[in-house]
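Here is how the chains run, residue by residue.
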Amino acid sequence: MSSQVRPRRRRIGLRERMRMMPRWGQILLLVALALFCYALPLLNPPFISPPGTDFSGVLFTVAVYALIALGLNIVVGYAGLLDLGYVGFYAIGAYTVGILTSEHATWTWLASLPAAIVITMLSGVLLGWPTLRVRGDYLAIVTLGFGEIVRLNLINQEWLGGAPGISGIARPPSIPLFELPHLDWSTGVPLVDLDNTSTFLVFGVLDITPYYWLALTFVILIMLADRRVKNSRVGRAWEATREDEDAAELMGVPTFRFKLLAFALGAFVGGIAGALFAGRQGFINPETFTLLLSILFISAVVVGGQGNRWGVLLGAIVVAYLPERFRGFEQWRVLVFGIALVVLATYRPQGLLPPRRTVRAQKMEEEIEALETSDVAVAGEGPDTGDGPDADGAPPEEKGAGRG
Amino acid sequence: MAETPPLDPAPAGEALLSMNEVTLRFGGVTALDAVDFHIDRGEILGLIGPNGAGKTTAFNVMTGIYQPTQGTVTFDGEVTSGMKRYRIAKRGIARTFQNIRLFKAMTAFENVMVGADAQHSTGPIAALLGLPRYRREEAAGREIAHELLDFVGVRGRADELAGNLSYGDQRRLEIARAMATRPKLLCLDEPAAGFNPSEKQALMELIRSIRDRGLTVLLIEHDMRLVMGAVDRLVVLEFGRKIADGTPAGVQNDPAVIAAYLGVDEDEVEEEVDDAS
Amino acid sequence: MQLQYVLDNFMSLFIGGLVFGSLYALVALGYTMVYGVLQLINFAHSEVFMFGTFATVWALYLIGADATTTGLALVGSLAFAMVIAMIISGGVALLLERVAYRPLLKRGAPRLVALISAIGASFVLSEIMGLRGPIMAALGLDDEFDRYVASSRENVGMPLDRTPTVQFEILGHGVTNRDIIIVVSAVLMMVLVDQFVRRTRIGRGIRAVAQDPETSSLMGVNSTRVIQVTFLIGGLLAGAAATLYMLQVGITRYNAGFLLGVKAFTAAVLGGIGNLRGALLGGLVLGVAENLGAGLFGSEWREVVAFAVLVLVLLFRPTGLLGESLGKARA
């Protein structure tokens, strides 16, 4: 017998087209996309580049938000844990770098990065250990409390720099190799502007471009790592836990451990983002790490499409870039952002790019088809039950009398 | 046909699980009262009883959802009461649910993969680096998932979201997911609820073939006729107490059982007993 | 640590805590009721409260009350301001339900998305208040309403003389008329709402929807209506709380709702979200705990104490002090 032909939605989107390409083509396209992203600050394209602000600076902010959105997506999108205090991890990452390179020690930025990551992960575990037993919205408020406690401690503890914060933070190590010119579009046609160059790879005060490159590199690395982990037992365990914690537990998933893992990995990424921010900014103070930022992060994840790493990337771009692009309407932009959130939630509740699980699933289908064609004799008693005459989603009749 | 997943070849006819004088109280209510029975390896044991008799509660004690107030559960030579639920699942008890509890936003295939993962240990680092263990376990999981989806007859819908499957397919998928954990004991909680007679028959065929693969099956079912034809032995509960234990033929004529069912619904019992004989 | 200070001033810290606690409780009720019925955190509820604070001030402007108003006229102006604040807050809450919630719920949007919508609405509301000057200028009305919309991003103060007078003493601490007004009216209103939910038909509807929305709609409960009433009650109480808050604190601004909202939500969770009496208890406990904590560790630690109390309570009682039970409230 042949397999049931499933009615397929005939909508050839970008994603399907990607899928239909051979594997090398996909890789090539992604590499091209990555190169384009690296080149963006040099290309300095006229409409995209926000007038009046440093395009590299905006891009750096977008990249850091993207990193954060990827990290938070592990917690919110995959494991389904609503974390309203993610800014706490971002702050801990930034402050670890600040303390180790300026306030209480003179480490290099590079040496403080692993320390920042480890400490942030530890704080994730310490926060998660007691609180992950609390469910749902309670977790949201407890994490919100965590974010606020972190911020208030930063203000109140002199040892952490107090309200003025920490300055003189070390920058990432420079390796001057060659100079790259930016394009100038002021005349309407692209001209190579030799006065405006970025040196590869010097992390200075004025030119933000190298910081953007560094952040973008982390975004790409995390994307790749995320993809592998998500498509493994770990990713499935997260999703199962999110869908039905008890059922997952009874299917052998140690749900608590996986939730804690999600928290730790989310914190890991948040720590990197914080370290990058501190390294680029050179100074940090508690007012950067407000609850509002946590909420922006959550918005990035949900607006983009929680559970889909490309979606949350898009969400981060929307949340970080659009307000910068429309700085001209400075005083109206939060209002517009709020309206956009409501409209989006109403008309696009799954986010701009919702996770299309069927993409992965379709690959499976092909695999099955291949198996089927190789099995000429699909004999046996099994398959027939699948096509039982009345197995069409009819609800159970009044039969369910025997509740044991 | 793909290979059968590796099973523990166990000698038949020896107790796989025993409930040892298990008592469970919620506040003042005694849900299970010194319930004592065992399940032999390789048999299909039916657990029946009128409404509220404690059948699902007994399941919940076996799978670690409730801890017995008194008594113990031993499984495969180990005391499992008090263990974490996922550990019990790993030891080899898998179950389905009376009200279907699939991972609705995951595909049918992924649901079964989650089950298969119960015996795996890939962590984030192994997955990240693509270590051999990750590859091996992933391949094993896929093979099991394909085979089991085929076995229960949901193969054609492997890539559909579990929540979009038909009711019958969801029930069968739950069985596949549970079997993917490679259990020694499979507990089915009213797997035929909501099925029409021909579907029920097909399901009983399926249950027998599950047993033929070497699994021990514990079956809660309300439909007496169905149980009579399918099981090797029956345990009857009433008000949290065991009132009978024996072959279907023996239990069917047990005055205590007849009384218990008469107490619930006279017509139903007579009808079902008649049909069964 | 200033233990001696706390011991010396225990009564005054305690009563101060009760005053703030009753404000938290009133606002918490709005969170808890919406949560009970919809299982959603109504993030924008803080802005409903904030609108109430402005309504209070504007109502007083409108009737020309100022620092010279005393006696019965003062009481009357306050009562008038409170009614206006309740109407405005109730209206904003209804609007919120209509715009930010109902369209989503109809489509069966996931809870997190509803939260995002509420966050968006919260931004919109506070920004509208913060931009009231430019908005009125765009409409060419800023001169006419100058007193209402000038320097929209700055603090706005109560025009009244709010100096309290001590009425009687408890253990050496003077209890003022202001303390009494706030605590008594808060508790009174909460008792009224509690009775409303327990005894009236629409209250029964609220409990039914909280327990099981599907079944109750099958049983003929108009769930849209129930949700509206729930938002309305929350809004009315937030409006009342806003007037009392203005009486106590005296100033507000476009983003004043945020911190109070967070505290009130904390109070709701502390008491057991969805539980009306829990909201009262949670509010009072939170207010007292943070006041004592502030006395003990210094006022800069007030917020930390508040959240620490929450975390501790949740660790030992994961469903709050009184558990979650809007649905289970007995008739």
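Residues numbered from 1 in each chain as written. Chains lettered and ligands numbered in written order. Predicted model: local features only at pLDDT ≥ 70, side-chain atom pairs only at ≥ 80, totals over all residues.

J.: Mind showing me how you'd approach the overall build of chain B here?
T.: When you go through chain B residue by residue, the secondary structure sums to 11 helices and 10 strands. Counting across all 277 residues of chain B, residues that qualify as buried make up 55%. Sequence separation of at least 24 residues holds for 68% of the intrachain contacts in chain B that already meet a minimum separation of 6. (Helix = DSSP H or I, 4+ residues; strand = E, 2+ residues; numbered from the N terminus. Buried ≥ 20, exposed ≤ 12 C-beta atoms within 10 Å, placed from the backbone. Contact = placed C-beta atoms within 7 Å.)

J.: How do you make sense of the overall build of chain A when you look at a structure like this?
T.: Summing up its helical and strand segments, chain A has 14 helices and two strands in all. Counting the 404 residues in chain A, one finds 47% classified as buried.

J.: Would you explain the interface of chain A and chain C in this entry?
T.: Taken residue by residue, the interface counts 30 residues in chain A and 36 residues in chain C. Counting residues per element, the ones that place at least two in the side of chain A that touches chain C are α6 (136-156), α11 (291-304) and α13 (333-347) of chain A.

J.: Any chance you could explain the environment of B:Glu21 here in plain terms?
T.: Residues and elements named next belong to chain B. With respect to the helices and strands, the residue Glu21 is situated in strand β1 (residues 15-26). Taking the C-alpha atoms as reference, Glu21 lies 9.5 Å from Pro68; in sequence the two are 47 residues apart. Other than its neighbours up to four places away in sequence, Glu21 contacts Ala34, Asp36, Gln70 and Gly71.

J.: How should the confidence of the model for chain B be read in this particular structure?
T.: As a note on interpretation, predicted positions should not be read in detail where pLDDT is low. All names here are of chain B. Across chain B, the average pLDDT comes to 85, with 89% of residues at or above 70. Low pLDDT, under 50, characterises residues 1-12; the stretch is placed with 22 contacts to residues that sit more than four places away or in other chains. Long-range and interchain partners of residues 264-277, a stretch whose pLDDT sits below 50, account for 15 contacts in this model, where long-range means more than four residues apart. The ipTM value of the predicted complex is 0.87, and its pTM value is 0.82. (pLDDT = per-residue confidence, 0-100.)

J.: Please clarify how the domain arrangement of chain B should be interpreted in this entry.
T.: Bring the parts together and some accessible area is lost; that lost area is often taken as the interface size. Residues and elements named next belong to chain B. On domain assignment, one finds that chain B holds domain 1 (1-92 + 185-277) and domain 2 (103-182). Contacts between domain 1 and domain 2 engage 14 residues on the former and 15 residues on the latter. Going through the elements one at a time, α2 (85-91), β7 (185-189) and α7 (197-212) are the ones with two or more residues in the side of domain 1 that touches domain 2. Partitioning the side of domain 1 that touches domain 2 into residue classes produces 10 nonpolar, one polar and three charged. (Domains from an automatic or database assignment. Nonpolar A, V, L, I, M, F, W, Y, C, P; charged D, E, K, R; others polar.)

J.: What am I meant to see in unusual backbone geometry here?
T.: Excluding glycine, a negative phi dihedral is what most residues carry, and trans is how most peptide bonds are arranged. Residue and element names in this part refer to chain B. Here Ala34, not a glycine, exhibits a phi torsion of approximately 45°, which is positive. Mapped onto the elements of the fold, Ala34 is located in strand β2 (residues 29-40). The phi dihedral of Phe239 falls on the positive side, at around 45°, and the residue is not glycine. Along the chain, Phe239 turns up in the loop between β9 (233-238) and β10 (241-246). A tally of 16 C-beta atoms within 10 Å means that Phe239 is categorised as partly exposed.

J.: Help me out: how do you make sense of the environment of B:Met62 in this one?
T.: Residue and element names in this part refer to chain B. Locating Met62 in the fold gives a position in helix α1 (residues 55-62). Separated by 32 residues in the primary sequence, Met62 and Ala94 place their C-alpha atoms 9.9 Å from one another. Filtering out sequence-adjacent residues up to four positions away, Met62 remains in contact with Leu17, Val73, Ile93 and Cys187.

J.: Honestly, the sheet that holds strand β3 (residues 44-48) of chain B in this entry has me stumped. Any pointers?
T.: As a general point, the strands of a sheet are linked pairwise by backbone hydrogen bonds and lie either parallel or antiparallel. All names here are of chain B. A sheet is described by the order of its strands in space; here six strands give the open sequence β6-β7-β8-β3-β9-β10, paired in mixed fashion. Of all the strands in the sheet, just β6 (93-95) and β10 have a single pairing partner and so form its edges. Averaged over all pairs of adjacent strands, the angle between strand axes in this sheet comes to 20°, irrespective of strand direction. In this sheet, β10 lies alongside β9 in antiparallel orientation, the contact comprising five bridges. The residue of β10 that forms the bridge with Val235 is Asp245. On the sheet, α7 packs against β3, β7 and β8 (216-220) and is oriented at approximately 150° with respect to β8. (Pairing = 2+ DSSP bridges. Axes fitted to C-alpha atoms, helices over the stretch in contact; angles between N-to-C directions.)

J.: Sorry if this is basic, but what is going on with the packing of helix α4 (residues 71-106) of chain C against helix α11 (residues 223-248) of chain C here?
T.: When two helices pack together, you describe them by how their axes are tilted relative to each other and by the distance separating the axes. Residue and element names in this part refer to chain C. Direction vectors running N to C along α4 and α11 enclose 140°, while the axes themselves pass 7 Å from each other. Crossing of α4 against α11: the hand is right-handed. Partitioned by chemical class, the residues of the contact of α4 with α11 number 18 nonpolar, seven polar and one charged. (Left-handed = near helix turned anticlockwise from the far one by under 90°.)

J.: Looking at this model, I keep getting lost on the sheet that holds strand β4 (residues 70-75) of chain B. Mind explaining?
T.: All names here are of chain B. Taken in spatial order, the four strands make up an open sheet running β2-β1-β4-β5, and their pairing is antiparallel. The strands lining the two open edges of the sheet, one partner per strand, are β2 and β5 (78-79). In this structure, β1 lies alongside β4, joined through five bridges in antiparallel fashion. The partner of Thr23 across the bridge, within β4, is Gln70.

J.: Got a minute to help me understand the pairing of strand β1 (residues 178-184) of chain A in this structure?
T.: One face of the sheet, then the other: side chains in a regular strand alternate in exactly this way. Residue and element names in this part refer to chain A. Both β1 and strand β2 (residues 191-200) contribute to a ladder of seven bridges, which runs antiparallel. Residue His182 lies in a different strand from β2, and its bridge partner there is Asp193. Counted along the chain from β1 to the antiparallel partner β2, the turn is six residues long, and its residue Gly188 has a positive phi close to 95°.

J.: Can you help me understand the nonpolar core in this one?
T.: Nonpolar side chains tend to gather and get buried jointly when the protein is soluble and globular. Core analysis: the biggest nonpolar cluster contains 313 residues, and A:Leu67, A:Ala69 and C:Leu26 have the highest contact counts within it. For this core, the leading source of residues is helix α3 (residues 55-78) of chain A, giving 18 residues. When neighbours within four sequence positions are excluded, A:Leu67 is seen to be in contact with A:Ala215, A:Phe218, A:Val219, A:Ile222, A:Val269, A:Ile272 and A:Ala273. (Core = buried A, V, L, I, M, F, W, Y, C linked by C-beta atoms within 7 Å.)

J.: Is there a simple way to think about the UniProt feature "transmembrane region" (unreviewed entry) in chain A in this case?
T.: Residue and element names in this part refer to chain A. UniProt's feature table lists "transmembrane region" (unreviewed entry) at residues 55-76, 83-101, 107-129, 200-224, 260-279, 291-322 and 334-353, given in the numbering used throughout. In residues 291-322, the share of helix is 88% and the share of strand is 0%. The end C-alpha atoms are 20 Å apart. Across residues 334-353, helical content stands at 70% and strand content at 0%; the span's end C-alpha atoms are separated by 23 Å. (UniProt positions renumbered as here; feature names shortened; annotations may be inferred.)

J.: Mind showing me how you'd approach the pairing of strand β3 (residues 173-176) of chain C here?
T.: All names here are of chain C. In the sheet, strand β2 (residues 166-170) pairs with β3 via four bridges, with the strands oriented antiparallel. Counterpart to Glu169 in the pairing with β3 is Gly174. Linkage of β2 to β3, two consecutive antiparallel strands, is achieved through a turn of two residues, within which Leu171 is found at a positive phi near 50°.

J.: Please explain α1(B) as it appears in this structure.
T.: All names here are of chain B. When you tally the buried positions in α1, you get eight out of eight residues, the bulk of the element. All buried positions along α1 are accounted for by Lys55, Thr56, Thr57, Ala58, Phe59, Asn60, Val61 and Met62. Positioned one or two residues after α1, Gly64 has a phi angle of 90°, which is positive.

J.: How should I be thinking about the environment of A:Val134 in this particular structure?
T.: Residues and elements named next belong to chain A. Inspection of the secondary structure assignment puts Val134 in the loop between α5 (109-131) and α6. Val134 sits in the partly exposed class, given 19 other C-beta atoms within 10 Å. Once the C-alpha coordinates of Val134 and Gly270 are considered, the two residues, 136 residues apart in sequence, prove to be 22 Å apart.

J.: What is the right way to read the packing of helix α8 (residues 177-199) of chain C against helix α9 (residues 201-211) of chain C from this model?
T.: Residues and elements named next belong to chain C. As a packed pair, α8 and α9 sit with axes 5 Å apart at the nearest point and diverge in direction by 80°. Between α8 and α9, the crossing angle belongs to the class labelled roughly perpendicular. Across from Phe196, Val197, Arg198 and Arg199 in α8, the residues of α9 making contact are Gly203, Ile206 and Arg207. For the contact of α8 with α9, the class distribution of residues is three nonpolar, one polar and three charged. (Parallel < 35°, antiparallel > 145°, perpendicular 65-115°, else oblique.)

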